[in-house]
Amino acid sequence: MRTRAAVYVGVLWVSSAILLAPPTLSAAALSRRVSQPAGPGLNVQTQVPPNSAKGETAAPGGDEYRLIFPTNSIGTARTVNSEDEAVRASKFDSFIEQLSKVGAEGYRLTSFVYAQSGLPVGVVKRDVARYEYRWLAVRSGYDWLEGAEGFKQMFASLSQKGFRLADHSYIELYCEENSCAAMNVFLLEREIGVERPVRFAVLGWEKKPSVPAVAEFKRKLSEGLFPKQVFAGFDIWFEEGEAGGRHWSGDAEIELVWYDPSWWGSDTNRSVNKLAKRGYRVGLINWDTALMYRTPGSTGFNYYWVDAKKKSFEKQVAQLQAKGAIYVTTYEEENKLIFERRLSDDGKRREYKVLKVEFRFDADAGGNRVRIDLAAQGKEALSALRDLVKEGFVVRDLFLSGRQVGAILERPV
């Protein structure tokens with residue numbers, strides 16, 4: 001059982017954001033850039049709609065998705081998966097370089113995994129705008145945010161320049177007695193050329209909040225701030241605008257669910273499903289915290305947690321697919337996937353495919369740097385993914401299965 005402990009910020013890293021493919025480049029030059037992508041990627045040829053606002057295509061060459069990962073790291077093939085600070089920094093610097101390059105070509109990050117994988121890996125999708133990225137890492141105790149003033153202050157400065165929180169990963173380094181040392185990695189995103197300040201807020205408690213927490217949650221909604229991510233503990237991240245309000249607006253009733261460490265029998269899954277049977281749906285969920293909403297006329301639901309590390313994982317996904325369940329999100333260390341199923345079957349079905357990607361690490365002649373690329377199995381997986389996208393599948397998420405990175409794809413049936 002985990003216990004919240006005081007937070008101490010040990011180190012804070014900030015990578016330099018990289019801005020490429022400026023508007024002055026010609027269409028031909030942009031096309032050449034895509035023909036030589038900045039790192040291994042998935043190229044899916046589709047018709048590219050024009051960007052009516054800027055009079056240009058979103059992504060020259062028409063690639064739909066790309067898989068992004070660092071192309072190099074300091075150290076050796078043995079240390080590339082380590083949590084050594086210098087090794088981690090070199091991997092993320094390379095990852096952000098690749099991510100910002102494709103972002104400048106008209107792609108946007110849609111999913112990111114890191115915990116226990118040893119590599120930061122992301123999937124990007126073609127977009128009508130262009131983006132740049134940065135990363136921050138904070139080493140702390142278990143409570144990642146309340147005491148991490150360094151991170152909040154740094155983000156506050158960057159939010160004034162238009163950066164938003166794109167994604168986050170929590171890595172538990174070790175635990176001793178009632179406290180844990182952890183690493184929290186944050187990916188920040190900004191649309192190129194847009195530096196309008198972004199409002200944000202954090203709701204966090206040192207223990208399970210009482211009923212008034214819902215009132216505070218609603219107050220944030222009334223201010224135009226919407227929940228975007230849930231972090232370890234009882235911390236909820238809010239941002240304005242595109243963070244989304246479709247679940248929380250109108251006449252929606254709201255419930256907040258927490259794991260209660262004071263009660264040995266506390267079970268977040270059971271609590272979520274108890275509310276779901278009354279018509280509540282999961283809006284956001286992570287780390288024993290669920291934000292749930294119910295709209296008028298909502299029927300009952302049931303939620304399922306599927307462990308991607310188990311041999312029966314793909315069989316369980318197929319069984320849930322047959323019952324009409326739909327994929328919702330990854331959970332905690334991104335090795336569990338959550339599905340939702342209506343108690344009253346509406347007859348609608350979605351088909352799912354699961355692919356897993358492996359990487360290879362080749363040391364250079366000097367023995368102090370590693371080149372990272374897809375293994376043969378990984379290239380085969382990307383080839384299969386390319387075919388599936390042509391058949392109408394979309395990439396819903398990345399997840400972790402041991403040290404393998406998986407992708408779950410979905411299409412309506």
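A.B. asks: What's the story with the overall build of the protein chain in this structure? I'm lost.
C.D. replies: Broken down by element type, the protein chain carries seven helices and 24 strands. Taking all 413 residues of the protein chain together, the buried fraction comes to 52%. The contacts of the protein chain with a sequence gap of at least 6 include a subset with a gap of at least 24, amounting to 68%. Roughly 18,300 Å² of accessible area belongs to the protein chain as shown, and the carbon and sulfur atoms make up 48% of that amount.

A.B. asks: In this structure, what is going on with the nonpolar core? I would like to understand it.
C.D. replies: Nonpolar side chains tend toward joint burial in soluble globular proteins. Residues Val121, Phe359 and Leu409 are the most contacted members of the largest nonpolar core, which totals 48 residues. Ranked by residue count, the leading element in this core is helix H2 (residues 85–104), at six residues. Counting residues in each nonpolar core, the second largest holds 19 residues, with Val214, Trp248, Ile254 and Trp258 among its members.

A.B. asks: Honestly, helix H7 (residues 376–390) in this entry has me stumped. Any pointers?
C.D. replies: Helical geometry: 3.6 residues make up each α-helical turn, so side chains three or four residues apart lie on a common side. Its 15 residues give H7 an end-to-end C-alpha distance of 22 Å, which sits within 8% of 21 Å, the value for a rise of 1.5 Å per residue. Listing the buried residues of H7 in full gives Gly378, Ala381, Leu382, Leu385, Leu388 and Val389. Within H7, the buried residues cover an arc of 120° as seen down the axis, which keeps them to one side. For H7, the exposed residues lying more than 90 degrees away from the buried face are Ala376, Glu380 and Lys390. The inward-facing, buried residues of H7 contact strand S4 (65–68), strand S20 (350–357), strand S22 (369–374), strand S23 (394–401) and strand S24 (404–412). At the exit of H7 stands Gly392, carrying a positive phi of roughly 105°.

A.B. asks: What is the right way to read the pattern of salt bridges from this model?
C.D. replies: Side chains that differ in sign of charge can pair as their charged atoms come close. The tally for this structure, following the rule as stated, stands at 24 salt bridges. Between Arg219 and Glu216 there is a salt bridge, with the nearest N and O atoms lying 2.7 Å from each other. Of the two residues, Arg219 and Glu216 both sit in helix H4 (residues 212–222), three residues apart, roughly one turn of that helix. Two residues, Glu351 and Arg411, come together in a salt bridge whose shortest N-O distance is 2.9 Å. One end of the pair, Glu351, is in strand S20; the other, Arg411, is in strand S24, and 60 residues separate them in sequence.

A.B. asks: For this particular structure, what's the right way to read the packing of aromatic side chains?
C.D. replies: We describe a pair of aromatic rings using the distance from one ring centre to the other and the angle between the two ring planes. In this structure the tally under the stated criterion is 17 aromatic pairs. Pairing Phe200 with Trp237 gives two aromatic rings, centres 5.1 Å apart and planes at 10°, and the pair type is stacked. Separated by 37 residues along the polypeptide, Phe200 in strand S11 (residues 200–203) and Trp237 in strand S13 (residues 235–240) bring together distant segments of the chain. For Trp237, a relative accessible area of 1% corresponds to the buried category.

A.B. asks: I tried to follow the layout of surface pockets on my own but got confused; where do I start?
C.D. replies: To find leftover empty space, one rolls a probe the size of a water molecule over the atoms. Considered as a void within the structure, the largest pocket measures approximately 1,600 Å³ in volume. Thr110, Lys228, Leu284, Val328 and Thr329 are the residues nearest the centre of the largest pocket, which is lined by 50 residues in total.

A.B. asks: What is the right way to read helix H6 (residues 313–322) from this model?
C.D. replies: Buried residues of H6: Phe313, Val317 and Leu320, and no others. End-on view of H6: buried residues confined to an arc of 65°, all on one side of the axis. The exposed residues of H6 that point more than 90 degrees off its buried face are Lys315 and Ala322. For H6, the elements touching its buried residues are strand S17 (301–307), strand S19 (336–342), S20 and S23. At the C-terminal side of H6, Gly324 shows a positive phi close to 90°.

A.B. asks: Explain the sheet that holds S13 here, please?
C.D. replies: Strand pairs in the sheet, formed through backbone hydrogen bonds, run parallel or antiparallel to each other. One open sheet accounts for three strands, arranged S11-S13-S12; its pairing is antiparallel. Looking at the sheet topology across the chains shown, the edges are occupied by S11 and strand S12 (225–231). Within this sheet the neighbouring strands show an average axis-to-axis angle of 25°, counted without direction. Relative to S13, S12 is paired through six bridges, and the arrangement is antiparallel. Within S13, the residue paired with Val230 across the bridge is Ile236.

A.B. asks: Please clarify how empty space enclosed by the protein should be interpreted in this entry.
C.D. replies: According to the stated counting rule, one finds one cavity of 30 Å³ or more in the structure shown. Put simply, the largest cavity is a space of about 90 Å³. Forming the boundary of the largest cavity are 13 residues, of which Leu67, Val123, Leu382, Leu385 and Ala407 lie nearest the centre. Counting residues per element, the ones that place at least two in the lining of the largest cavity are S4, S20, H7 and S23. For the lining of the largest cavity, the residue count by class is twelve nonpolar, no polar and one charged.

A.B. asks: Just checking my understanding: could you explain unusual backbone geometry for this structure?
C.D. replies: The phi angle at Trp287 is positive, at roughly 45°, despite the residue not being glycine. For Trp287, the position within the fold is in the loop between strand S15 (281–286) and strand S16 (289–294). Given the relative accessible area of 5%, Trp287 is considered buried.

A.B. asks: How do you make sense of the side chain of Arg130 when you look at a structure like this?
C.D. replies: Within the secondary structure layout, Arg130 lies in the loop between strand S7 (121–126) and strand S8 (131–140). Reaching out from Arg130, the side chain makes a polar contact with the backbone oxygen of Ala104 at a distance of 3.4 Å.

Scoring rules and cut-offs
Residues numbered from 1 in each chain as written. Predicted model: local features only at pLDDT ≥ 70, side-chain atom pairs only at ≥ 80, totals over all residues. Heavy atoms only, no water. Helix = DSSP H or I, 4+ residues; strand = E, 2+ residues; numbered from the N terminus. Buried < 20%, exposed > 50% of the residue type's maximum accessible area, 1.4 Å probe, protein only. Contact = heavy atoms within 4.5 Å. Areas by Shrake-Rupley, 256 points an atom, 1.4 Å probe, with all protein chains shown as cover. Core = buried A, V, L, I, M, F, W, Y, C linked by side-chain atoms within 4.5 Å. Expected span 1.5 Å × (residues − 1). Arc of directions from axis to C-beta. Salt bridge = Lys/Arg side-chain N within 4 Å of Asp/Glu carboxyl O. Phe/Tyr/Trp six-rings, centres within 6.5 Å; stacked < 30°, edge-to-face > 60°. 1 Å grid on protein atoms, 1.4 Å probe; cavity = no way out; pocket = protein on both sides within 12 Å on 5 of 7 lines; lining within 4 Å. Points joined across faces, edges and corners; volume = space filled by probe spheres on them. Pairing = 2+ DSSP bridges. Axes fitted to C-alpha atoms, helices over the stretch in contact; angles between N-to-C directions. Nonpolar A, V, L, I, M, F, W, Y, C, P; charged D, E, K, R; others polar. Polar contact = N/O pair within 3.5 Å; in protein donor to acceptor, adjacent residues only side chain to side chain.

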